[in-house]
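# Examining the three-dimensional arrangement
Listed below, chain by chain, are the residues.
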Amino acid sequence: PMSGTKSRKVNDTLRPNAEVSWRRLGDEVVIVNLKTNQIYRLNRTAARFWELLAEGSDRATAERVLAEEFDVEDDELHHETTSLVSELSNEGLLG
């Protein structure tokens, strides 16, 4: 039997939680956790990452798109998205 916790891999499928409502407002995305009524604002790059996930992209695809659109180094981008995914997951925004 396998034990321990599974860590998220780069190509994991991440989706907005069903108990979350979100909308793009200018360069930002505003997310509302309907369970807690907490409101979150994502900056331009985080907002684009969120949209790509919501559209069905896996994490690796979303990172490739962001690298092209924002002209950022792969290592830096991966570090940033890892932090973002961790934060969004901890807040219950990703399912």
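Computed from a predicted structure; not experimentally measured.

This part is about the sheet that holds strand S2 (residues 28-33). In space, the 3 strands of this open sheet follow the order S1-S2-S3, with antiparallel pairing throughout. Where the open sheet ends on each side, the last strands, each with one partner, are strand S1 (20-25) and strand S3 (38-42). Across this sheet, the average inter-strand angle for adjacent strands is 20°, counted without regard to direction. Both S2 and S3 contribute to a ladder of 5 bridges, which runs antiparallel. Looking at S3, one finds that valine 32 is bridged to isoleucine 39. Along the sheet face, helix H1 (residues 44-54) touches S1, S2 and S3 and points at about 125° away from the line of S1.

Scanning all chains against the criterion turns up 6 salt bridges. The shortest N-O distance in the salt bridge between arginine 24 and glutamate 51 comes to 2.7 Å. Within this pair, whereas arginine 24 is found in strand S1, its partner glutamate 51 is found in helix H1, the two being separated by 27 residues in sequence. By relative accessible area, which is 31% here, arginine 24 ends up partly exposed. Through salt bridges that share partners, Arg24, Arg48, Glu51 and Glu69 make up one connected network.

Before going further, it helps to examine the side chain of asparagine 33. As for its placement among the helices and strands, asparagine 33 is situated in strand S2. Asparagine 33 has contacts with Glu19, Val20, Gln38, Tyr40, Glu91, Gly92 and Leu93, leaving out every residue within four places of it along the chain.

All right, on to the layout of surface pockets then. It is a probe the size of a water molecule, rolled over the atoms, that shows where empty space is left. Approximately 230 Å³ is the volume found for the largest pocket. What lines the largest pocket is a set of 14 residues, among which Thr45, Ala46, Leu77, Glu80 and Thr81 lie closest to the centre. Broken down by secondary-structure element, the contributors of at least two residues to the lining of the largest pocket are H1, helix H2 (59-70) and helix H3 (74-90). For the lining of the largest pocket, the element with the highest residue contribution is H3, accounting for 7 residues. In terms of residue class, the lining of the largest pocket is made up of 7 nonpolar, 4 polar and 3 charged.

A low pLDDT score tells you not to read the predicted coordinates there in detail. A residue-level look at the chain finds 87% of positions with pLDDT of 70 or above and a mean pLDDT of 89. Confidence drops under a pLDDT of 50 for residues 1-8, and excluding neighbours within four residues, the segment shows 6 contacts in the predicted structure.

Take serine 89: it is sitting in helix H3. Separated by 72 residues in the primary sequence, serine 89 and asparagine 17 have C-alpha atoms spaced 9.2 Å apart.

It is worth spelling out the pairing of S1 at this point. Of the pairings in the sheet, the one linking S1 to S2 comprises 6 bridges and is antiparallel in character. Of the residues in S2, the one forming a bridge with arginine 24 is valine 29.

Analysis parameters
Residues numbered from 1 in each chain as written. Predicted model: local features only at pLDDT ≥ 70, side-chain atom pairs only at ≥ 80, totals over all residues. Heavy atoms only, no water. Pairing = 2+ DSSP bridges. Helix = DSSP H or I, 4+ residues; strand = E, 2+ residues; numbered from the N terminus. Axes fitted to C-alpha atoms, helices over the stretch in contact; angles between N-to-C directions. Contact = heavy atoms within 4.5 Å. Salt bridge = Lys/Arg side-chain N within 4 Å of Asp/Glu carboxyl O. Buried < 20%, exposed > 50% of the residue type's maximum accessible area, 1.4 Å probe, protein only. 1 Å grid on protein atoms, 1.4 Å probe; cavity = no way out; pocket = protein on both sides within 12 Å on 5 of 7 lines; lining within 4 Å. Points joined across faces, edges and corners; volume = space filled by probe spheres on them. Nonpolar A, V, L, I, M, F, W, Y, C, P; charged D, E, K, R; others polar. pLDDT = per-residue confidence, 0-100.

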